[in-house]
Amino acid sequence: MMEKKSNLNILLFSAVAIIIAVSLVVGLVISLVANLSLNQKMPASANKPTKVDIVLLKESSCSDCFDLTPVIENIKSENVKINSEKTIEISTQEGKDLLSKYGITQIPSLLLSGNMDNNAGLKSLLSKWGEIKDGTFVLRQIGAPYFEVNSGKIRGKIQLTMLTDTSCNECYDVTKHEEILKQFGFADKEAKVVSVQLSDGQELVDKYNIKLVPTIILSGDLDAYSSLVKVWSQVGTVETDGVYVFREGVKQMGIYEDLSTGKIITPKPVTTPNQP
């Protein structure tokens, strides 16, 4: 069992390293939850010209809610022409009726109607995002933040604090974490970098007994990011106050500092179980 767990950890860390590399490539995939898989395409020959009508459901009070623009752009890329596009506030009677009819619980959402059966690429794409109900496609999978219809709350607002030692010039760039977290649908416009050399940075070190930097600290409505929650135990801890602290994963990010010894450490290259 221990060997299996070790192998899983190695695979996870390898995946993290790959994500870091991908995140630095021009044209990085727009941030979405892992299960959206927006980039999977069918051969062009399978995508017959298709015309569709789109209805966007929104809640204006959620100005930072998940942006559906990349979803629409990916739909268009499957040889699809938007015949008409309409935006409806869920506070209106029309909006309420659509929520009820299609059982929509998270906003923003999208309804798509038209001749979708003759376009294999589009059908494949939509099958990953939601379901077809009464001949209309209903978007079910979206990233956070989102408006939760049943509670009337905005879910997924979080705070990202990147902790580093500004005197460690060779340490890995802590802002790499922002691009990695985007792959889990996470984005914080007010994310901040804090140095352990400053009082607020030292307070975080003492409060959470942080030994390795650079690292990150996440707080807020993290339960809204199910993909991140599932893997976090492999790279960090959840503190008694609900804060997420990135710990073991630091060793896989690049050169780092051990605050308990003051030493700068260069990790050994990560190898998979099939490698010597």
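Up top is the structure these notes are about.
Residues numbered from 1 in each chain as written. Predicted model: local features only at pLDDT ≥ 70, side-chain atom pairs only at ≥ 80, totals over all residues. Heavy atoms only, no water.

## Notes on the state of the cysteines
Rules: The disulfide definition used here is simple: a pair of cysteine sulfur atoms within 2.5 Å. Using a 1.4 Å probe on the protein chains alone, a residue whose accessible area is under 20% of its type maximum counts as buried, one over 50% counts as exposed, and one in between counts as partly exposed.
Applying the stated criterion across every chain, the model contains 2 disulfides. What pairs with C168 in a disulfide is C171, and their sulfur atoms sit 2.0 Å apart. Here C168 and C171 share a disulfide; its torsion about the S-S bond, 85 degrees, makes the bridge right-handed. Classification of C168 by relative accessible area gives buried; the value is 9%. On the basis of relative accessible area, C171 is assigned to the buried category, the value being 11%. Taken N- to C-terminal, the disulfide-bonded cysteines of the protein are connected 1-2, 3-4.

## With respect to the pattern of salt bridges
Threshold: When a carboxyl oxygen of Asp or Glu lies within 4 Å of a side-chain nitrogen of Lys or Arg, that pair is called a salt bridge.
Within this structure, the stated rule accounts for 8 salt bridges. Salt-bridge contacts for E148 lead to R155; the nearest nitrogen and oxygen are separated by 3.3 Å. Exposure remark for E148: the relative accessible area of 23% places this residue in the partly exposed category. E248 is the partner of K251 in a salt bridge, and the nearest nitrogen-oxygen pair spans 3.4 Å.

## Notes on the pairing of strand 2 (residues 80-89)
The side chains of a regular strand alternate, residue by residue, between the two faces of the sheet. Where we set the bar: At least two DSSP bridges between two strands are required for those strands to pair. The way it works is that DSSP assigns letters per residue, a run of H or I at least four long becomes a helix, a run of E at least two long becomes a strand, and they are numbered from the N terminus. Place the viewer so that the strands point away; then a crossover is right-handed whenever the path from the first strand over the helix to the second strand goes clockwise.
Here 9 bridges tie strand 1 (residues 50-58) to strand 2, and the two strands are oriented parallel to one another. The residue of strand 2 that forms the bridge with K58 is E89. The β-α-β motif built from strand 1, the intervening helix 2 (residues 69-76) and the parallel element strand 2 has right-handed crossover chirality.

Any functional reading would require information that these geometric values do not contain.
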